[in-house]
Amino acid sequence: MLSSSLRWKTRVIETHTESREVIPRDDFWPSISSREPLSVDASILNLQRVLDLNPPASSDLAVSASGLTKRFGERTVVDALDLAIPRGSVCGFVGPNGAGKTTTIRMLLGLVQPSAGSGSILGGDLSQPQSYLHKVGALIESPAFYPQLSGKNNLLVLARLGGIDAATIASILDRVGLLQRSTDLYRSYSLGMKQRLGIAAALLAAPELLILDEPTNGLDPAGIVEMRDLIRSLADEGMTVFVSSHLLAEIEHICDRLIMISDGKTVFQGEVAQLRATRGDELVLRPEVAASLASLAAVLRQAGFTVRIEEPSSGPETLVVEAGSDQAAALNRMAMEANITLIHISERARSLEEAFFELTGSHSRDVATTHSLGGVK
Amino acid sequence: MIFNAFRSEWVKLRRTTLVLGVFGGLTVAASLFVVLLFSQAAAVGPGSADLPSLQVLAQPNGLIHGVDRVVVLLGIVAFGVAAFQIASEYSLGTLRQVLVRQPRRRILLAGKYLGVISFVVAAVVFASVVAGGVAVVMAHLRHVPVGAWFGVTGIKDLTTALGELLLAVVGFGTLGLAVGLFLRSAVFAVIAGLAYLIAVESIVGRVLPALNRWLPGQLLLGVGQGGNTTTTFPRALIVSGIYLVGVAVVTAHAFARRDVTA
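**Notes on the overall build of chain A**
Part 1 of the argument: Counting its regular elements, chain A contains 12 helices and 15 strands.
Part 2 of the argument: Every one of the 377 residues in chain A was classed for burial, and the buried ones make up 45%.
Part 3 of the argument: The contacts in chain A between residues at least 6 apart in sequence include a share of 72% that link residues at least 24 apart.

Here's what the structure looks like:
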């Protein structure tokens, strides 16, 4: 079932006309000192300042990295990235295509050597992957297995390599729902089954840290729900999960922490709730006469509000104002003073995707938004 | 840990298609060669280098006639299997999974190498045993006495020839592993390697015959044949050994250092 909660969270409020002063921008968003509309950079700086107030203690971190950098020739793919992932958390890792997510994950797994920086994973030094990888499970990009081997034998290859008891294979295959097909050749598996086998391989070593790169790729809606439940249950068992995804809605559902990167740099790191709390809500306005939309926008801009005109996929254009519900009356009054009658005012919460686009300065759809598969609940 | 990597590699090597293809293919080829050798051989006289007579085949070293001629075939098989096994880890993308479970790359490479080499050696030994049985049957059909084959001299000649053959197989397998690792494409590695061994060395050897003594494929051929007109066995063994140690060191270093982006 598609979840409307993953779309704009809209709450219709009544319009009213009592007179109220427009609250100055500083008061409305007290953490921001500038009266100017937030630029992306200012937003990032502000967020980081706010969210760094309570960083996790280093002893509580499953993953910590400082100044992690990777250069391929002249191109810097990951640029001085700092990571802090607390033990037992489910941490999302998002960024546009080419932001450096996969390269970062490969550095954590010892597949790619950092050009600079240091780090620690489960107490082991990042430069010594053998010191921690026996406690790590990973699904890196798309699942990759030997097509001529069965699912079971593919896991046996990895189990023998890691000195893992082969008797655990059956229970893990059962956990991901592949036990019945375990003797079938991998090449006969559907995309979803391949993804499940990838998860099974990641769980093989009973890891303390699970690193998943796009784990819901290829899964049908029911599979996505199962994957989400699986990740949550693993976290409940005390496992730390670091999950990269371009499905922001999935991240929003699964994760309690978030790391956003863009152009190889961290643009946000902290709890999802912190991100939501830091971002203000919005009011959606619609005038009775559509032609007066631009006039209304001009009036509100002049009053110091940040506004934009949105054209929904269906229905007339609306004006979106960065303001909370307590501003509704003031906005309505200003519209009336400009001889514009509003027929709709509603409040909607900022979603993760909005925060993402604002922080990364990206408006491309490299990162899928709520209306993709991620909307399944 | 090398043993873990070795056992892991064997899960892949023991798959039915590969076992039937390599063990079966080599066995059929060797047996067919023996059948043709005995059925086409003249009864008496010295015969030719390519086709000895039945009289020659009855000698203590009669069982190893023809072994010289299968060195290239076995070398190609060893090269191809080794190149495919390592290069397919890159082309399938499985190397990243494998390296998470065994991050000590040199150990992983050593285990894979031992797995592949043991597989090819086992295939050669199996094919040799079956071909030996076929030779006994063919000798009986052509009324060739086989008593000398199983005397002290005969057994010694046979084990020496097989030992030399296996050394060459190990050499070709090592080259295959190195080429597969550097080219990272199973198909391209096999084609490029075979084109070099079969075509390039042949052309170079004809244009510049003096170079034959230094070409790796020719040297391994010399090892497998226990020495030939190009080089003596000790020289072939030493020079090819130096080559292979160099190749192994460079390959292991590259494997350990190179970023895995596949």
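**Things to note about the overall build of chain B**
Part 1 of the argument: Along chain B, the regular secondary structure elements total 10 helices and zero strands.
Part 2 of the argument: Sequence-ordered secondary structure for chain B, helices as α and strands as β, is α-α-α-α-α-α-α-α-α-α.
Part 3 of the argument: For a compact globule of 262 residues, the expected C-alpha radius of gyration is about 18 Å, and chain B comes in at 20 Å, within 12% of that figure.
Part 4 of the argument: Dimensions of chain B along its principal axes, counting C-alpha atoms only, are 65 × 45 × 30 Å.
Part 5 of the argument: Scored against the burial criterion, the 262 residues of chain B give a buried share of 44%.

**What about the interface of chain B and chain A?**
Interface size is commonly expressed as the accessible area that is lost once the parts come together.
Part 1 of the argument: In this assembly, 23 residues from chain B lie in contact with 25 residues from chain A.
Part 2 of the argument: Only α1 (2-13) and α5 (94-101) of chain B provide two or more residues apiece to the side of chain B that touches chain A.
Part 3 of the argument: Looking at the side of chain B that touches chain A residue by residue, the classes come out as eight nonpolar, eight polar and seven charged.

**Let's talk about the sheet that holds strand β7 (residues 136-139) of chain A**
Residue and element names in this part refer to chain A.
Part 1 of the argument: Pairing in this open sheet of six strands is mixed, and the strands run β7-β8-β9-β4-β10-β11 from one edge to the other. Looking along the sheet, the strands with just one partner apiece sit at the ends: β7 and β11 (265-271). Going across the sheet, the axis of each strand differs from the next one's by a mean of 15 degrees, ignoring polarity.
Part 2 of the argument: Of the strands in this sheet, β4 (90-94), β8 (209-213), β9 (240-244) and β10 (257-262) touch helix α3 (residues 101-108), which is tilted by about 150 degrees from β8.
Part 3 of the argument: Against the sheet, helix α7 (residues 221-236) contacts β4, β8 and β9, and its axis sits at roughly 150 degrees relative to β9.

**Examining the pairing of strand β5 (residues 116-121) of chain A**
Residues and elements named next belong to chain A.
Part 1 of the argument: Examined bridge by bridge, strand β2 (residues 61-72) and β5 share five bridges and lie antiparallel to one another. In the sheet register, S64 faces β5, and the bridge partner there is S120.
Part 2 of the argument: Strand direction decides the pairing type here: β5 and strand β6 (residues 124-125), joined by two bridges, are antiparallel. Its bridge partner lying in β6, S120 is registered against D125.
Part 3 of the argument: Linking β5 to β6, which pair antiparallel, is a turn of two residues; within it L122 sits at a positive phi near 50 degrees.

**Quick look at the sheet that holds β5 of chain A**
All names here are of chain A.
Part 1 of the argument: Spatial ordering of the open sheet is given by β3-β2-β5-β6, a layout of four strands whose pairing is antiparallel. Each of the sheet's edge strands pairs with one partner strand only, and the pair in question is β3 (75-86) and β6.
Part 2 of the argument: The strands touched by α3 are β2, β3 and β5; relative to β2, the strand with the most contacts, the crossing angle is about 115 degrees.

**What to know about the confidence of the model for chain B**
Part 1 of the argument: For chain B, the mean per-residue pLDDT works out to 88, and 98% of the residues sit at or above 70.
Part 2 of the argument: Among the scores for the predicted complex, ipTM is 0.86 and pTM is 0.77.

**A short note on the confidence of the model for chain A**
All names here are of chain A.
Part 1 of the argument: Mean pLDDT over chain A works out to 77, with 77% of the residues at or above the 70 mark.
Part 2 of the argument: Considering each helix and strand of chain A separately, the mean pLDDT is smallest for strand β1 (residues 9-12), with a value of 29, and largest for helix α4 (residues 151-161), with 95.
Part 3 of the argument: The model gives residues 1-53 a pLDDT under 50, and that stretch makes 71 contacts with residues more than four places away or in other chains.
Part 4 of the argument: Residue range residues 363-377 is modelled with pLDDT below 50. Its contacts to residues more than four positions away, or to other chains, number 44 contacts.

**A short note on the packing of α4 of chain A against α1 of chain B**
How two helices pack is summed up by the angle between their axes together with the distance between the axes.
Part 1 of the argument: Orientation of α4 of chain A relative to α1 of chain B, taken along the N-to-C sense of each, is 170 degrees, at an axis distance of 7 Å. Relative to α1 of chain B, the element α4 of chain A lies roughly antiparallel. Of α1 of chain B, the residues touching α4 of chain A (which contributes N153, L156, V157, R160 and L161 of chain A) are N4, A5, R7, S8, V11 and K12 of chain B.

**With respect to the pairing of β11 of chain A**
When a strand is regular, its side chains alternate between the sheet's two faces.
Residues and elements named next belong to chain A.
Part 1 of the argument: Taking burial as the measure, the seven residues of β11 include five buried ones, the bulk of the element.
Part 2 of the argument: One ladder, built from six bridges, connects β10 with β11; its direction is antiparallel. Counterpart to S262 in the pairing with β11 is K265.
Part 3 of the argument: Adjacent in sequence and paired antiparallel, β10 and β11 are bridged by two residues, among which D263 carries a positive phi angle near 50 degrees.

**As for unusual backbone geometry**
Part 1 of the argument: In the Ramachandran plot, N339 of chain A falls in the positive-phi region, its phi being about 60 degrees despite a non-glycine side chain.
Part 2 of the argument: Inspection of the secondary structure assignment puts N339 of chain A in the loop between α11 (328-337) and β15 (342-349).
Part 3 of the argument: One non-glycine residue, R184 of chain B, adopts positive backbone phi at about 60 degrees.
Part 4 of the argument: Within the secondary structure, R184 of chain B sits in the loop between α7 (152-183) and α8 (186-207).

**Thoughts on the environment of F119 of chain B**
All names here are of chain B.
Part 1 of the argument: Mapped onto the elements, F119 comes out in helix α6 (residues 105-141).
Part 2 of the argument: Its 24 C-beta neighbours within 10 Å are what place F119 among the buried residues.
Part 3 of the argument: F119 sits 66 residues away from S185 along the chain, and the two C-alpha atoms are 21 Å apart.
Part 4 of the argument: If near-sequence neighbours (up to four positions away) are discounted, F119 is found in contact with L13 and V81.

Cut-off values and rules
Residues numbered from 1 in each chain as written. Chains lettered and ligands numbered in written order. Predicted model: local features only at pLDDT ≥ 70, side-chain atom pairs only at ≥ 80, totals over all residues. Helix = DSSP H or I, 4+ residues; strand = E, 2+ residues; numbered from the N terminus. Buried ≥ 20, exposed ≤ 12 C-beta atoms within 10 Å, placed from the backbone. Contact = placed C-beta atoms within 7 Å. Rg over C-alpha atoms; globule rule 2.2 N^0.38 Å. Nonpolar A, V, L, I, M, F, W, Y, C, P; charged D, E, K, R; others polar. Pairing = 2+ DSSP bridges. Axes fitted to C-alpha atoms, helices over the stretch in contact; angles between N-to-C directions. pLDDT = per-residue confidence, 0-100. Parallel < 35°, antiparallel > 145°, perpendicular 65-115°, else oblique.

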